[in-house]
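Summary of the model geometry
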Amino acid sequence: MKRTILIIGILSIVVVFSSCKKFLDVEPKTNLSEEQLFTSEVGFQQALSGVYGQLASNNLYGDNLSMGFVSALAQNYSTLNSNADVALQQTQVLNYASAEVAGYTNAIWSASYGAIAAANKIIANTETSRSVLTDNAYALLRGEALALRAFIHFDLLRMFGPEYTAGANLKAIPYKKEVNENAEIPSTTADVIQFALADLKQAEELLLQADPIVSSDLRSRRNKLNYYGVKALEARIKLYSGDMDGAAAAANVVVNSTKYTFVTPEAAGAVSTGLVVRDRLYFNEQVFMIRVRDILPTVQRYFRFRGALGQTLTRTSANFAALYETTSGGGTDIRFLFRLEQDGGNLFPSKFWQASTATTPITDNLLDQYVPGIRLAEMYYILAEAASTPAMGVEYLNTVRQNRGLSNLATDITATALTAAITKEYQKEFYAEGQLFFYYKRINSTRMQFGPSMAPEQYVLPIPDAELQFNPNYGN
């Protein structure tokens, strides 16, 4: 389709065709053509808001890549529960040949490449329409768009590409830098990593000079892929590719910035009354988060709080006791104490409990309507894994444990025990958040907690049929 229509404001992008042949179909209050949109700084900002809006859609981080599909893959929910969401049961048993799983993967693939196409339009037009942008606006807009392109491609790689150690030179996914209708040869896993890191390098250079979060602690910049979000993503990607020194260096930039602080037990366990709201997402730990204004119906449908007539995606009390190790000191963990709650007789994970509604304005006091993208604890886990000795690594891990209400692990810990402890932390920290399946894949785990034995190929989701039919370049 020759003419691309972009979205004004925060709205959904529905992508038609495959990653290499797509257009954006929208229903905004006001439509502007691409030529009109990129004639002003305001137009660029609106286009970028459209990309963030797509990330917030149910097809991506508003559901499928957070509390929904990917969390079900990671065995975060039990199909033995009679109230379990029927729509995720084939996902839970890893039946990748099912229509259910195909529906989710098709939606994720299409929406991801739609958001990438929109980011690519912004990146291209920051050069062709450079004259309408101030230097600061150019750096912010281009920097964020480049970072978003890397962020989305990397999650596509983690889902549809092979694990890095065994599959670095195997074809994975197309890394799209232009919007066109051409079938593109999929990049290898190593090339996707290289392209993403190159985008992040450009983004870092641009945002370091222009991002207000560098010189001040602006909460509003946390729902943008800001400078520290870029460094955190760099740490995540470098760890995935085995670059331990590079991952640690990037993670240290985030940690040493002192912009992010661990939640206090008082905030995590606050009784929600009036203006006082329990901080279930640990807001000050969020390096990058995604605003999902209409998250309430999804959460009610999945977790059935406030008496909603939905499903109950949860696990048994015994499972939660095992997850948080309550018989061996874990009963003091604030994640166990305050993120598992009762409502109408149902025990459910309350991380995404919503005190706000779709009409609630964005203020400094808003502690919900967000989905975590990258959080502070992950930087400490990366530093623990990348440390040169187990004794050094456990110090980083103990920092998180102390702030979660747990006792310190011994400093004479073995490398094997440290790895096991890091895994337990990922399981607790990222429950129902969408990161755990990718962690299991990266370490090539032979079993997921509460799940079956796993072969490496079970961590690779099938490329959608529509893409394979349109793009003949996946063969060897």
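Throughout what follows, the structure given in this document is the object of discussion. (Residues numbered from 1 in each chain as written. Predicted model: local features only at pLDDT ≥ 70, side-chain atom pairs only at ≥ 80, totals over all residues. Heavy atoms only, no water.)

1. Focus: the overall build of the protein
The following threshold applies: For the purposes of this entry, the term helix denotes a DSSP run of H or I that reaches at least four residues, the term strand denotes a run of E that reaches at least two, and both are numbered from the N terminus. Only protein chains enter the calculation, and the probe is 1.4 Å; a residue is then buried if its accessible area is under 20% of its type maximum, exposed if over 50%, and partly exposed in between. Per-residue and other accessible areas follow the Shrake-Rupley method at a 1.4 Å probe size, with only the shown protein chains counted as cover for residues.
Helix and strand content of the protein: 20 helices and 10 strands. A burial count over the protein gives 59% of its 476 residues as buried. Entry remark: accessible area of the protein is about 18,500 Å², with carbon and sulfur atoms responsible for 53%.

2. A closer look at the pattern of salt bridges
A side chain of one charge can pair with a side chain of the opposite charge if their charged atoms are brought near each other. Heads up, the condition is: In the sections that follow, a salt bridge refers to a side-chain nitrogen of Lys or Arg positioned within 4 Å of a carboxyl oxygen of Asp or Glu.
Inspection of every chain in the model, using the stated rule, returns 25 salt bridges. The partner of E325 in a salt bridge is K428, with the nearest N and O atoms 2.7 Å apart. Of this pair, E325 sits in the loop between helix 14 (317–323) and helix 15 (334–338) while K428 is found in helix 18 (residues 415–429), placing the two residues 103 residues apart along the sequence. Across the pair, K428 and E325 agree in class, each one buried. With a shortest N-O distance of 3.7 Å, R375 and E429 are connected by a salt bridge. With R375 in strand 10 (residues 370–375) and E429 in helix 18, the pair connects residues that are 54 residues apart, well separated along the chain. The same class applies to R375 and to E429, which are both buried. Linked through salt bridges whose partners overlap, the residues forming this network are E285, D333, R335, K351, R375, R404, E425, E429 and E433.

3. Points about empty space enclosed by the protein
Note the threshold: A 1.4 Å probe that fits into a set of points on a 1 Å grid over the protein atoms alone but cannot get out defines a cavity; an open set with protein on both sides within 12 Å along at least five of seven lines defines a pocket, and lining residues are those with an atom within 4 Å of a point. Grid points are joined across faces, edges and corners, and a volume is the space filled by probe spheres set on the points. Think of it as three bins: nonpolar holds Ala, Val, Leu, Ile, Met, Phe, Trp, Tyr, Cys and Pro, charged holds Asp, Glu, Lys and Arg, and polar takes everything else, Gly as well.
Using the criterion set out here, one finds 9 cavities of 30 Å³ or more in the structure. Lining of the largest cavity is provided by R158, R236, L239, Y240, E378, I382, Y426, F430, Q435, F438, Y439 and R442. Elements represented by at least two residues in the lining of the largest cavity include exactly helix 10 (227–240), helix 16 (376–386) and helix 19 (436–442). For the lining of the largest cavity, the residue count by class is 7 nonpolar, 1 polar and 4 charged.

4. Here we look at unusual backbone geometry
Its identity is not glycine, yet Q75 carries a phi of approximately 65°, on the positive side. For Q75, the location among the structural elements is in the loop between helix 3 (69–73) and helix 4 (89–92). Taking relative accessible area as the criterion, Q75 reaches 4% and is therefore assigned buried. You will see that A432, though not glycine, has its phi angle at about 60°, which is positive. Position of A432 relative to the elements: it lies in the loop between helix 18 and helix 19. You can call A432 buried: its relative accessible area is 2%.

5. Thoughts on the environment of L468
Threshold: By the convention used here, residues are in contact when the closest approach between their heavy atoms is within 4.5 Å.
In this structure, L468 sits in helix 20 (residues 465–470). On the basis of relative accessible area, L468 is assigned to the partly exposed category, the value being 39%. Each C-alpha atom, one on L468 and one on A183, is 10.0 Å from the other, the two residues being 285 residues apart in sequence. Residue contacts for L468: discarding those within four places in its chain leaves I463 and Y474.

6. Comments concerning the pairing of strand 7 (residues 286–291)
The criterion, for reference: Here, strands pair whenever DSSP counts at least two bridges between them.
Counting buried residues along strand 7, 6 of its 6 residues qualify, which places the element largely inside the surrounding structure. Pairing between strand 7 and strand 10: 5 bridges, direction antiparallel. By the bridge assignment for strand 10, R291 is matched with Y370.

7. Things to note about helix 11 (residues 244–256)
The condition is simple: Here, expected helix span is obtained from the residue count minus one, scaled by 1.5 Å.
Here helix 11 spans 18 Å end to end across 13 residues, near enough to the 18 Å set by a 1.5 Å rise per residue. Every buried residue belonging to helix 11 is among G246, A247, A248, A250, A251, V254 and V255, and all of these are buried. Its buried side turned inward, helix 11 meets helix 10, strand 7 and helix 16. One or two positions beyond helix 11, positive phi appears at T258, with a value near 60°.

8. Focus on the packing of aromatic side chains
What counts is decided by this rule: Aromatic contacts are taken between Phe, Tyr and Trp rings whose centres are within 6.5 Å, Trp giving its six-membered ring; a plane angle under 30 degrees counts as stacked, one over 60 as edge-to-face, and the others as tilted. Consider the ring centre and the ring normal. A charge sits over the ring if Lys NZ or Arg CZ is within 6 Å of that centre and within 35 degrees of that normal.
Inspection of the entire model under this criterion finds 25 aromatic pairs. The interplanar angle of 55° and the centroid separation of 5.0 Å between the aromatic rings of W109 and Y113 together place this pair among those described as tilted. Within this pair, W109 and its partner Y113 are both found in helix 5 (residues 99–128), separated by 4 residues, close to a single helical turn. On the basis of relative accessibility, which here comes to 2%, the residue W109 falls in the buried class. Ring geometry for F437 versus Y459: centroids 5.5 Å apart, planes at 50°, classification tilted. Of the two residues, F437 is situated in helix 19 and Y459 in the loop between helix 19 and helix 20; the sequence distance between them amounts to 22 residues. Comparing F437 with Y459, the two get one shared label, buried. Three or more aromatic residues joined by ring pairs make a cluster, and in this case those are Y77, Y302, F303, F320 and Y431. Across the ring face of Y138, the terminal group of R130 is positioned such that the distance to the ring centre comes to 4.3 Å.

9. Points about the side chain of E378
With respect to the helices, strands and loops of the structure, E378 is situated in helix 16. The exposure class assigned to E378 is buried, which follows from its relative accessible area of 4%. Beyond its immediate stretch of four places on either side in the chain, E378 contacts R236, Y426 and F430.

10. A few points about the packing of helix 16 against helix 18
To describe two helices that pack against each other, one gives the angle between their axes and the distance between the axes. Heads up, the condition is: Angular values range over 0 to 180 degrees, each being the angle between N-to-C directions of two axes fitted as lines to C-alpha atoms, with helices fitted over their stretch in contact. Working rule for angles: under 35 degrees goes down as roughly parallel, over 145 as roughly antiparallel, 65 to 115 as roughly perpendicular, anything else as oblique. Two helices cross in a left-handed way if the nearer one is turned anticlockwise from the farther one by less than a right angle. They cross in a right-handed way if the turn is clockwise.
Two numbers describe how helix 16 lies on helix 18: the axes approach to 10 Å, and their chain directions differ by 165°. The orientation of helix 16 with respect to helix 18, classified from their angle, is roughly antiparallel. Both helix 16 and helix 18 take part in a crossing whose hand is left-handed. Every residue of helix 18 that contacts helix 16 at A377, E378, Y381, I382, A384 and E385 is listed here: L418, I422, E425, Y426 and E429. Class assignment of the residues belonging to the contact of helix 16 with helix 18 gives a composition of 7 nonpolar, no polar and 4 charged.

11. Structural notes on the packing of helix 6 (residues 135–160) against helix 8 (residues 189–210)
It is at 8 Å that the axes of helix 6 and helix 8 come closest, and there the two elements cross at 155°. Compared by their axis directions, helix 6 and helix 8 come out roughly antiparallel. Here the hand of the crossing between helix 6 and helix 8 comes out left-handed.

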